[in-house]
Amino acid sequence: MINVTKTYLPNRVMYKKYVDEIFDSNWITNRGKMVQTLEKKLEKYLNVKNLLLVSNGTMALQVAYKLLNLKGDIITTPFSFVATTSSIVWEGLNPVFVDINRNSLCIDADKIKEKITDKTSAIVATHVYGNCCDVNKIKEIADENNLKVIYDAAHGFNVTMSGKSILDFGDISTLSFHATKIFHTIEGGALIIKDDDLYEKAKKIINFGFSSKGTIECLGINAKMNEFQGAMGLCLLEEVENQIKKRKHIYYKYRSKLKGTKHISIYEYEQGLCPNYSYFPIILDSEELLLKVISKLNDNHINPRRYFYPSLNNLEYVKKQKMEISEDISKRILCLPIYGDLEEECVEKIICVIKECTL
Ligand SMILES: *Cc1c(COP(=O)(O)O)cnc(C)c1O
């Protein structure tokens, strides 16, 4: 079975060397050498400061809300992975959805203002497929209304907009390093925190509120990354550039062959964006056609993914809010398999099956 993605594992000998080092040190968690080294290397590679590794991307979001002391209503996008919404609800906050822009599929900044009330404390937006939200307009609205801004940048690893890391926007950006992501630490995630004092506080929050002196200084949680995760990250960071290059090749293969095909549109990035080629989404003319394409691909042992589906405003545990564009797009969007060692032949097969369906 060819799935939408395949977990990339590093060179086994290299990982074993790190494991030996961990065994020799007898230090397996609590900000050990691996995690600290990976933090520094990631800051350098991604060109950001104040990067803090945590246990997973969902926890990164939850820690971000606590850190910024969010209350009441949170303006957010219905078109994202479920964790963007569930983390808000889990923290006792109320998600207020704003529909997406039909091109970028990110939150429509022009529709945010009308949803702001005196109960709103923040905007939580997702850089969908690593595409950049309308960060300038969102900043303007947030500044005018005294709101915090958090970007779920789980798809934004190593993505730049006009040469600048997209992790640089908002008060906090979060990353996920889950095994399915382009760069992973088995499970894992990170916060990138603008404010230096908040960064210092975050280090305590993720470790039960303990200060470096061992005193309990604030309410905290356990969101620490361990050394084996750190070691995985150190190995994969060496190879990620090559993985991105291989994905780019597949991305352009799909693109050149599928662009202009009747009943299909290709998802386009904003001008100035340098993507990481993590996803290849296509938008079919109807849900019926999408189901047909999935079924035919499944017949050929190929498993694309409806990502994102359903639109998050339809989750059972949120107040019903109609989101026309997000609901429409989530019914028709499909992510095709893309990963470094996906064989050329397989890409050809996928293209061929899709073209047959659209005749
Ligand atoms: C993967 C993902 C998450 C969740 O990250 P985990 O590390 O799996 O907890 C959150 N938001 C988006 C957009 C994601 O793609």
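Structure shown above.
Per chain, residues are indexed from 1 in the order of the written sequence. Totals for whole chains, interfaces and linings use every residue, but because this is a predicted model, local features are given only for residues with pLDDT of at least 70 and side-chain atom pairs only at 80 or more, for both listing and counting. Values reported for side chains reflect all heavy atoms of the structure, with hydrogen atoms and water molecules removed beforehand.

(A) Representation of the overall build of the protein chain. On a plain count of helices and strands, the protein chain comes out with 11 helices and 15 strands. Note that the radius of gyration is over C-alpha atoms, with the globule rule given as 2.2 Å times the number of residues to the power 0.38. Its C-alpha radius of gyration of 21 Å places the protein chain within 12% of the 21 Å reference for a compact globule of 359 residues. C-alpha atoms of the protein chain, sized along the principal axes, occupy 70 × 55 × 35 Å. Looking at the protein chain as a whole, 55% of its 359 residues are labelled buried. The long-range fraction of contacts in the protein chain, counting pairs at least 24 apart against all pairs at least 6 apart in sequence, stands at 70%. In these tables, accessible area is a Shrake-Rupley quantity obtained with a 1.4 Å probe, and a residue counts as shielded only by the protein chains included in the view. Total accessible area on the protein chain stands at roughly 16,600 Å², and carbon and sulfur atoms take up 51% of it. When charges are counted, Lys and Arg are positive and Asp and Glu negative, with His and the chain ends excluded. For the purpose of locating charges, the reference atoms are NZ of Lys, CZ of Arg, CG of Asp and CD of Glu. Of the charged side chains in the protein chain, 48 are positive and 45 negative; the average position of the first set lies 2 Å away from that of the second. A run of H or I in DSSP counts as a helix once it spans at least four residues, and a run of E counts as a strand once it spans at least two, with each numbered from the N terminus. For the exposure calls, accessible area comes from a 1.4 Å probe over protein chains only, and a residue counts as buried if that area is under 20% of its type's maximum, exposed if over 50%, partly exposed in between. When checking whether two residues touch, look at their non-hydrogen atoms; a contact exists if any pair is within 4.5 Å.

(B) Seen up close, the site of the ligand. Within the structure, the ligand sits among 16 residues, and Gly57, Thr58, Asp152, Ser176 and Lys181 are positioned closest to it. At 2.9 Å, a side-chain N or O of histidine 155 approaches an oxygen atom of the ligand. When isolated, the ligand has an accessible area of 380 Å², and the protein chains bury 93% of it. Each residue gets one of three labels, nonpolar for Ala, Val, Leu, Ile, Met, Phe, Trp, Tyr, Cys and Pro, charged for Asp, Glu, Lys and Arg, and polar for the others, Gly among them. When grouped by side-chain class, the residues that make up the shell around the ligand number four nonpolar, 10 polar and two charged. Note on terminology: near, applied to a residue and a molecule or strand, indicates that one of the residue's heavy atoms is within 4 Å of it. N or O atoms closer than or at 3.5 Å make up a polar contact, with two conditions inside protein: a donor-capable atom paired with an acceptor-capable one, and, for residues adjacent in sequence, both atoms drawn from side chains.

(C) Quick peek at a nonpolar patch on the surface. The patch calculation keeps residues exceeding 30% relative accessible area without a salt bridge and links them within 9 Å when they carry like charges or within 5 Å when they are nonpolar (Val, Leu, Ile, Met, Phe, Trp, Tyr). A pair is scored as a salt bridge if a Lys or Arg side-chain nitrogen falls within 4 Å of a carboxyl oxygen belonging to Asp or Glu. A contiguous nonpolar surface patch, about 290 Å² in accessible area, is contributed by Phe208, Phe210 and Ile216. Structurally, the position occupied by phenylalanine 210 is in the loop between helix H6 (196–205) and helix H7 (227–237). Residue phenylalanine 210 is classed as partly exposed on the basis of its relative accessible area of 30%.

(D) Up close: the side chain of aspartate 73. With respect to the helices and strands, the residue aspartate 73 is situated in strand E3 (residues 73–76). One buried charged residue, aspartate 73, remains without a salt bridge, the closest side chain of opposite sign being lysine 119 at 4.9 Å. Among the polar contacts listed, one links the side chain of aspartate 73 to the side chain of asparagine 94, at a separation of 2.9 Å.

(E) Focus on the pairing of strand E9 (residues 172–176). Of all five residues that make up E9, five are buried, and the element is covered over most of its length. Neither face of E9 is exposed, since Ile172, Thr174 and Ser176 on one face and Ser173 and Leu175 on the opposite face are all buried. Pairing between strands is defined by DSSP: at least two bridges between the two strands are required. Judged from the three bridges that link them, strand E6 (residues 148–152) and E9 form a sheet pairing that is parallel. Bridge assignment links tyrosine 151 to a residue of E9, and that residue is serine 173. Relative to strand E10 (residues 189–193), E9 runs antiparallel, the two being bridged by five bridges. Following the sheet pairing, threonine 174 is matched in E10 by leucine 191.

(F) Examining the sheet that holds strand E8 (residues 164–165) more closely. Spatial ordering of the open sheet is given by E8-E7-E12, a layout of three strands whose pairing is antiparallel. Every interior strand has two partners, whereas the edge strands, E8 and strand E12 (273–274), have only one. Sheet analysis places strand E7 (residues 160–161) next to E12, joined by two bridges and oriented antiparallel. Note on E12: the bridge partner recorded for methionine 161 is leucine 273.

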